[in-house]
Amino acid sequence: MRKVVSSPFISLDGVVQSPNEWQFAFDEEMGAVLGKALETADTILMGRGTFTEWAGYWPTVTSGEDAGFAKWINDSPKYVVSSTLDSVEDWANSTLINGDLATAIEKLKAGDGKDITVAGSPTLVRSLLELDLLDELVLLIHPVVAGEGRRKLFADDAALKKLELVSAEPTSSGVIIATYRPVR
């Protein structure tokens, strides 16, 4: 069965929003982890916010250092979880999920293919974890306090959820790559 994996950049204070504003280093070890995530996944899951932001950008990237990722994400099947969007046809290979999330994700996980990666979408990550649909959470923990009222991965009133540490390693820039699996 396929796994659903999320690999967000996160600050020490739990912020995941706009990492381009607080992520000061990107090292080879982080690149290797994200490269492995792309090699082991062939399907992308995202929420409305990430879809809306990325659909206007990634299809336009055809050259430069981001061209490889752009080709991968543009060519891969994308599933967009939203109760407010009517269509996701603006971005090729996109399918809207607006019904029962658990049923849709279980169907994806039971299908053929590699892992399913969650792109951004902190609200979706929280929902997947709450519904026991997230199989692995790989946090790239940056040694910075982002602050300034940005969106955190987990809300202050989040329900208790136990995770087990699978691995943790520091990178040359001081980022900790910590992999967790929910205890079921």
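Before reading on, note that the structure itself is shown above.
Conventions used here
- Residues numbered from 1 in each chain as written.
- Predicted model: local features only at pLDDT ≥ 70, side-chain atom pairs only at ≥ 80, totals over all residues.
- Heavy atoms only, no water.
- Buried < 20%, exposed > 50% of the residue type's maximum accessible area, 1.4 Å probe, protein only.
- Helix = DSSP H or I, 4+ residues; strand = E, 2+ residues; numbered from the N terminus.
- Pairing = 2+ DSSP bridges.
- 1 Å grid on protein atoms, 1.4 Å probe; cavity = no way out; pocket = protein on both sides within 12 Å on 5 of 7 lines; lining within 4 Å.
- Points joined across faces, edges and corners; volume = space filled by probe spheres on them.
- Nonpolar A, V, L, I, M, F, W, Y, C, P; charged D, E, K, R; others polar.

Asker: An account of the pairing of strand S7 (residues 136-142) is needed here, citing residue identities and associated values.
Answerer: The side chains of a regular strand alternate, residue by residue, between the two faces of the sheet. Where burial is concerned, most of S7 is hidden: seven out of the seven residues are buried. Of the two faces of S7, the one carrying Glu 136, Val 138, Leu 140 and His 142 and the one carrying Leu 137, Leu 139 and Ile 141 are both buried. Looking at chain direction, strand S1 (residues 4-6) and S7 are connected through two bridges and run parallel. Of the residues in S7, the one forming a bridge with Ser 6 is Leu 137. In terms of strand pairing, strand S2 (residues 9-11) meets S7 through three bridges, oriented parallel. Residue pairing in the sheet places Ser 11 in a bridge with His 142 of S7. Direction of pairing for S7 relative to strand S9 (residues 176-182): antiparallel, over a ladder of five bridges. Paired with Leu 137 across the bridge in S9 is Tyr 180.

Asker: Report on the layout of surface pockets, specifying residues and quantitative values.
Answerer: Looking at the largest pocket, its volume works out to about 1600 Å³. Along the wall of the largest pocket there are 42 residues; nearest its centre are Thr 50, Trp 54, Ala 119, Gly 120 and Ser 121. The residue inventory of the lining of the largest pocket, partitioned by class, reads 22 nonpolar, 16 polar and four charged. By volume, the second largest pocket is sized at about 410 Å³. Along the wall of the second largest pocket there are 19 residues; nearest its centre are Val 33, Lys 36, Glu 136, Val 138 and Thr 179. Those elements that place two or more of their residues in the lining of the second largest pocket are helix H1 (28-40), strand S6 (115-118), S7, strand S8 (163-170) and S9. Here the lining of the second largest pocket gets six residues from one element, more than from any other, and that element is H1. Here the residues of the lining of the second largest pocket sort into seven nonpolar, five polar and seven charged.

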